[in-house]
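# Structural characterization, general
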Amino acid sequence: MKETQKNHSIRNIAIIAHVDHGKTTLVDAMFKQSGVFREGLDVEERIMDSMDLERERGITIAAKNCAVVWNKVKINIIDTPGHSDFGGEVERSLSMADGAILLVDASEGPLPQTRFVLKKTMEAGLKIIVVINKIDRRDARVAEVLDEIYDLFIDLDATEEQLDFPVIYAVARDGIAQKGMDDNSHNLDVLFQTIIDVVPPPGYDPKKPFQMLVCDLGYSDYLGRLAVGRVFNGKARQSDQLIRIGPDSKQDLLRVTKLQTYIGLELTEIPEVTPGDIAVISGIEEVHIGDTICTRESPVPLKRITVDEPTVAMRFSINTSPLAGREGRHVQSRKIWERLTRETLSNVAVQVEETQDRDSFLVKGRGEFQMAILIETMRREGFELSVGRPEVIFKYQNGKRLEPMEHLFIDCDEMFMGVVTEKLSLRKGRMTNLVNRDTGRVRIEFTIPSRGLIGYRDEFLTDTKGTGIMNSYFMGYDNYRGDFASRFMGSLVADRAGAAVPYALSNLKARGNLFIRPGEPVYEGMIIGEHNRESDLNVNACKEKKLTNIRASGKDDAIVLPPILPMTLERALHFIREDELVEITPKSIRLRKMELSASKRHSSRPRD
């Protein structure tokens, strides 16, 4: 019989939640109350959101590790993303944990992304603690939310043991946690004690030698490649001779140059790592997420991390516009390929493939939002590139075409229900549930093809005057539901190079919505606006007013143009059609036709 021992000095816990339910704020409070920060130290809010994009958008994109010590027990905390597009981050981070805190907003209740991360947690067999956060909200409905959480557990086929979860009520912003609504707590002691009591300490086999599963990667200018992972069995010390077992069972020798572990957010050097701890090993030239690091005498690999397959693909290519190379530092296809390959090393949910065209690559991922974050990150690193429209990845089974489906949840005012339902039915959505609690708002559920949601979010916010809430999660593949138009309006396309002139733009504003301002450079084939009709229209944005020697009243009035909404990356990706590209540089986002020449586009147009 296998002998298992427990390391009672450690607890490994993941925090899972929907976007904006207070997960990162709770971790901040745990830091402050566990003594990670000294008294009086000025600390930023949402310290775990270390990336600029995370701070700007208020979401967690990459899973991160940290640790606090409470009552001599080290609690390793894994902060997981709440968005299903970053499911690869969720899956690899859960492989390090023995338990999870499910954080739910006391007003909004469990939302679709909550469902996604909870399903992954339950599949991993982790012990779950439910924390209902923001109980101080005026619109809090704690009892109803708790019932919804039970319904969600039952819907996800929870076992009797999983349904017997402890419930804690919290105000993460104020660092308060309590067992009952009427309790009078001033700290997070209840939460810390529940973690120690409920989450099982990591188990290990004392007879087995060192085994560590690589769950994350890092890089140091001084130490080189860093392997981050959980130690499942045995101990390791600095200067130990170990091996790495890769995906093809290939074994590479390595020597541990430095051992580190997390204390707070900082890495601290330690002489040896113990079973159950999350360690950082340096001294490895080549390592991938899912690899096993173990002893040379007993090379036994652990089960590799597996993630859901990608559902969306996009074509990344070099920038071939007339303005190429003016604003970016990295413009060559080789540089783009190296950067995308580097992304696959740290992001297991992203796949990159070469195409027949040497200057373009096919990038596959979990959703358009994940792709947008990757592009924005590259843009900020100085890359200049062109990307095509996000396309879903189809499957074929028994001669039938299958496509990825989403379970869509809409929360909007009752007055907008008609337009939302109409637009989604045009995109092949099917209503599955409608809840009206006579509060003036309705909650509607749909099943809809993933391609039906590409470009719909902006339209939805316009239709609901910014008051609607829309969330979805991937529910699997189903039969192809038929074709539909991705966009009903055409494009206004510049027919020559130059600078946009106010006089020309004022004459074009009646033709549609403009995307550019006066003075911006344009070139032949660049999209400068949305046409009011279905067809594309070639226009001259550089036309200047003819000067005459006759002056008339009102002839020289100043030209006033309507304000132009800045073109964001998400808007651009949603707008373009199959024959269009988004040109991305560190300073600009432009839309263009794949074929820039107006005469070539005209000659290649299909005839009736």
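Residues numbered from 1 in each chain as written. Predicted model: local features only at pLDDT ≥ 70, side-chain atom pairs only at ≥ 80, totals over all residues. Heavy atoms only, no water.

### Remarks on the confidence of the model for the protein chain
For the protein chain, the mean per-residue pLDDT works out to 82, and 89% of the residues sit at or above 70. Predicted confidence in the protein chain is weakest over helix H2 (residues 52-57), with a mean pLDDT of 47, and strongest over strand E23 (residues 385-387), with 93. With pLDDT under 50 throughout, residues 37-51 is counted as low confidence; its partners more than four residues away or in other chains account for 35 contacts. (pLDDT = per-residue confidence, 0-100. Helix = DSSP H or I, 4+ residues; strand = E, 2+ residues; numbered from the N terminus. Contact = heavy atoms within 4.5 Å.)

### Side note on the environment of Ile132
Mapping Ile132 onto the fold places it in strand E6 (residues 127-133). Owing to a relative accessible area of 0%, Ile132 belongs among the buried residues under this scheme. When the C-alpha positions of Ile132 and Leu102 are compared, they lie 8.3 Å apart, and in sequence the two are 30 residues distant. Setting aside its immediate chain neighbours within four residues, Ile132 contacts Val104, Ala106, Val142, Leu146, Ile149, Val167, Ile168, Tyr169 and Ala170. (Buried < 20%, exposed > 50% of the residue type's maximum accessible area, 1.4 Å probe, protein only.)

### Digging into the side chain of Lys364
When you line up the elements, Lys364 lands in strand E22 (residues 360-365). Residue classification places Lys364 among the buried residues on the basis of a relative accessible area of 17%. Looking at Lys364, its side chain comes within polar contact range of the side chain of Glu353, at 2.9 Å. (Polar contact = N/O pair within 3.5 Å; in protein donor to acceptor, adjacent residues only side chain to side chain.)

### Quick notes on the packing of helix H1 (residues 23-34) against helix H7 (residues 189-198)
Following both chains from N to C, one finds H1 and H7 inclined at 95°, their axes separated by 11 Å at the closest point. By the angle between their axes, H1 is roughly perpendicular relative to H7. Contacts between H1 and H7 involve Leu26, Met30, Gln33 and Ser34 from the first element and Leu191, Phe192 and Ile195 from the second. (Axes fitted to C-alpha atoms, helices over the stretch in contact; angles between N-to-C directions. Parallel < 35°, antiparallel > 145°, perpendicular 65-115°, else oblique.)

### Notes on unusual backbone geometry
In this structure, Lys134 takes a positive phi of about 60° despite not being glycine. With respect to the helices and strands, Lys134 occurs in the loop between E6 and helix H5 (142-155). Judged by its relative accessible area of 22%, Lys134 falls in the partly exposed class. Look at Asp157: it is not a glycine, yet its phi comes out positive at around 60°. With respect to the helices and strands, the residue Asp157 is situated in the loop between H5 and helix H6 (160-163).

### What about the nonpolar core?
With 63 residues, the main nonpolar core has Leu118, Ile132, Phe153, Phe210 and Ile293 as its most contacted residues. With six residues, H5 is the largest single contributor of residues to this core. In terms of nonpolar packing, the next biggest core, distinct from the first, is built from 30 residues, Met314, Leu374, Met378 and Ile527 among them. (Core = buried A, V, L, I, M, F, W, Y, C linked by side-chain atoms within 4.5 Å.)

### Remarks on the pairing of strand E14 (residues 251-255)
Looking at chain direction, strand E13 (residues 241-245) and E14 are connected through five bridges and run antiparallel. Across the sheet, the residue bridging to Arg244 is Asp252, located in E14. Counting the residues between successive antiparallel strands, the hairpin from E13 to E14 contains five residues, one of them, Ser249, with a positive phi of roughly 65°. (Pairing = 2+ DSSP bridges.)

### Re the packing of aromatic side chains
The full count for this structure, using the stated rule, is seven aromatic pairs. With centroids separated by 5.2 Å and ring planes inclined at 40°, the aromatic side chains of Trp337 and Phe361 adopt a geometry described as tilted. Placement of Trp337 in helix H8 (residues 333-346) and of Phe361 in strand E22 is noted, with a sequence separation of 24 residues between them. The class of Trp337 is partly exposed, set by a relative accessible area of 26%. Summarising the aromatic geometry, the rings of Phe394 and Tyr480 are spaced 5.7 Å apart at their centres and angled 75° between planes, so their arrangement reads as edge-to-face. Residue Phe394 is located in the loop between strand E24 (391-392) and strand E25 (395-397), and its partner Tyr480 is located in the loop between strand E29 (469-479) and strand E30 (491-494); the two are separated by 86 residues in the primary sequence. Relative accessible area serves as the criterion here: at 27%, Phe394 is assigned to the partly exposed category. Three or more aromatic residues joined by ring pairs form one cluster here, namely Tyr150, Phe153 and Phe165. (Phe/Tyr/Trp six-rings, centres within 6.5 Å; stacked < 30°, edge-to-face > 60°.)

### Section: the pattern of salt bridges
Close approach of charged atoms allows side chains of opposite charge to pair. In total, this model carries 35 salt bridges according to the counting rule given. Between Glu272 and Arg237 there is a salt bridge, with its nearest N and O atoms 2.9 Å apart. Separated by 35 residues along the polypeptide, Glu272 in strand E17 (residues 272-273) and Arg237 in strand E12 (residues 236-237) bring together distant segments of the chain. What makes Arg237 partly exposed here is its relative accessible area of 43%. In this structure, Asp579 and Lys593 form a salt bridge, with 3.2 Å as the shortest nitrogen-oxygen distance. Note that Asp579 is positioned in the loop between helix H14 (569-575) and strand E36 (580-584) and Lys593 in strand E37 (residues 589-593), a separation of 14 residues in sequence. Given the relative accessible area of 36%, Asp579 is considered partly exposed. (Salt bridge = Lys/Arg side-chain N within 4 Å of Asp/Glu carboxyl O.)

### Examining the side chain of Gln162
Within the fold, Gln162 resides in helix H6. A distance of 3.0 Å separates the side chain of Gln162 from the backbone nitrogen of Thr159, its partner in a polar contact. The residues touching Gln162, leaving out its near neighbours within four places in the chain, are Met122, Phe153 and Asp157.

### Considerations on helix H9 (residues 368-380)
Helix length check: H9, at 13 residues, gives a terminal C-alpha distance of 18 Å against a target of 18 Å (1.5 Å per residue), a fit within 8%. Within H9 the residues assigned to the buried category are Glu368, Phe369, Gln370, Met371, Ala372, Ile373, Leu374, Ile375, Glu376, Thr377, Met378 and Arg379. A positive backbone phi angle near 100° is found at Gly382, which sits one or two residues after H9. (Expected span 1.5 Å × (residues − 1).)

### Quick look at the pairing of strand E21 (residues 351-354)
One ladder, built from four bridges, connects E21 with E22; its direction is antiparallel. Considered in E22, the bridge of Glu354 is made with Phe361. Hairpin connection between E21 and E22: a loop of five residues separates the two successive antiparallel strands.

### Section: the packing of helix H10 (residues 417-426) against helix H12 (residues 456-463)
Look at H10 against H12: their axes get within 10 Å of each other, and the N-to-C directions meet at 160°. Looking at the two axes, H10 sits roughly antiparallel to H12. In terms of crossing hand, the pair formed by H10 and H12 is right-handed. Between H10, through Val419, Val420, Lys423 and Leu424, and H12, the contact on the second element is made entirely by Tyr456, Glu459, Phe460 and Asp463. Of the residues belonging to the contact of H10 with H12, the class tally is five nonpolar, no polar and three charged. (Left-handed = near helix turned anticlockwise from the far one by under 90°. Nonpolar A, V, L, I, M, F, W, Y, C, P; charged D, E, K, R; others polar.)

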